[in-house]
Amino acid sequence: MLTACNMASDADYDAMAQDMCDCVNKSSKGISDEMKDAIVKSEKEGTNMEMAMQEVMMKDLEKGMADAQAMIDLGKEMEGCSKELEKKYDKVYTAESEDQVIEKILKTLKAKQGCEFTYALMKMGAKEMGK
């Protein structure tokens, strides 16, 4: 009975997705809009994301290098953010598998305005993990 009170609801998934989106948006300010757009477009079209990123980088090497560094920085900042989110949501339980949780968060992110870049990154990460 007590654990049922802490079962993950749609509102929990919505809050988790929004927190992830906010974290990515805050942490990715150094990435150019052109790079973000290329990543989002690649995800939507199902094309190779690394190739799309390389194309943007080759147009302007200096800007491309800055984007590459900003992507590395984003990865580092996301680690801290992920830990904070894990703490924030550690009292929310679910009987669903990790794959199902990721799928629900992705579905929620996809529907959120302003979270297209976060969705594309999460989708890429899920693909790399074989989910």
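Above: the structure in question.
Now for a description of the structure that goes with this document. No experiment lies behind these values; they were computed from the predicted model shown.

Remarks on the environment of Gln 100
Tracing the sequence through the fold places Gln 100 in helix 5 (residues 98-111). Distance from Gln 100 to Lys 26, taken between C-alpha atoms, is 27 Å for residues 74 residues apart in sequence.

Notes on the pattern of salt bridges
Applying the stated rule across the entire model yields four salt bridges. A salt bridge links Asp 19 to Lys 88, with the nearest nitrogen and oxygen atoms 2.8 Å apart. With a gap of 69 residues between them, Asp 19 in helix 1 (residues 10-27) and Lys 88 in helix 4 (residues 61-88) connect regions that are remote in the sequence. The exposed category is assigned to Lys 88, whose relative accessible area is 52%. Put simply, Glu 34 and Lys 63 hold a salt bridge, and the shortest N to O gap is 3.1 Å. With Glu 34 in helix 2 (residues 33-45) and Lys 63 in helix 4, the pair connects residues that are 29 residues apart, well separated along the chain. Ionic contacts of the salt-bridge type, sharing partners, join the residues Glu 34, Lys 59 and Lys 63 into one network.

Here we look at the packing of aromatic side chains
Applying the stated rule across the entire model yields zero aromatic pairs. If you follow Lys 36 out to its NZ or CZ, it ends over the ring of Phe 117, 5.8 Å from the centre.

Regarding the state of the cysteines
Under the criterion given, the structure shown has two disulfides. Each sulfur in the disulfide pair Cys 21 and Cys 115 lies 2.0 Å from the other. Classification of the bridge connecting Cys 21 and Cys 115 rests on its S-S torsion, roughly -105°, and on that basis the disulfide is left-handed. Here the residue Cys 21 occupies a position in helix 1, and Cys 115 occupies one in the loop between helix 5 and helix 6 (116-128), the gap between them amounting to 94 residues. The exposure classification of Cys 21 matches that of Cys 115, with both residues buried. The side chain of Cys 23 participates in a disulfide bridge whose partner is Cys 81; the two sulfur atoms lie 1.6 Å from each other. Taken together, the residues Cys 23 in helix 1 and Cys 81 in helix 4 connect sequence positions 58 residues apart. Looking at Cys 81, the relative accessible area reads 11%, which means it is buried. Disulfides within the protein chain link the bonded cysteines, taken in sequence order, as 1-4, 2-3.

Thresholds, definitions, all that
- The residue count restarts for each chain, going from 1 along the sequence in the order it is written.
- A pLDDT threshold of at least 70 governs which residues receive local features in this predicted model, and a stricter bar of 80 or more applies before side-chain atom pairs are shown or counted, although totals over entire chains, interfaces and linings include all residues.
- In computing side-chain values, all of the structure's heavy atoms are included and hydrogens and water are not.
- By the criteria applied, helices consist of DSSP H or I runs no shorter than four residues and strands consist of E runs no shorter than two, each listed in order from the N terminus.
- Salt bridges, as used here, are contacts in which a Lys or Arg side-chain nitrogen is within 4 Å of a carboxyl oxygen on Asp or Glu.
- Summary of the burial criterion: residues with accessible area below 20% of their type's maximum are buried, those above 50% are exposed, and those between are partly exposed, where the area comes from a 1.4 Å probe applied to protein chains only.
- When two rings of Phe, Tyr or Trp (its six-membered ring) have centres within 6.5 Å they constitute a pair, described as stacked for plane angles under 30 degrees, edge-to-face for angles over 60, and tilted for the intermediate range.
- Any Lys NZ or Arg CZ that is within 6 Å of a ring centre and within 35 degrees of that ring's normal is treated as a charge sitting over the ring.
- By convention in this document, the label disulfide applies to cysteine sulfur atom pairs within 2.5 Å.

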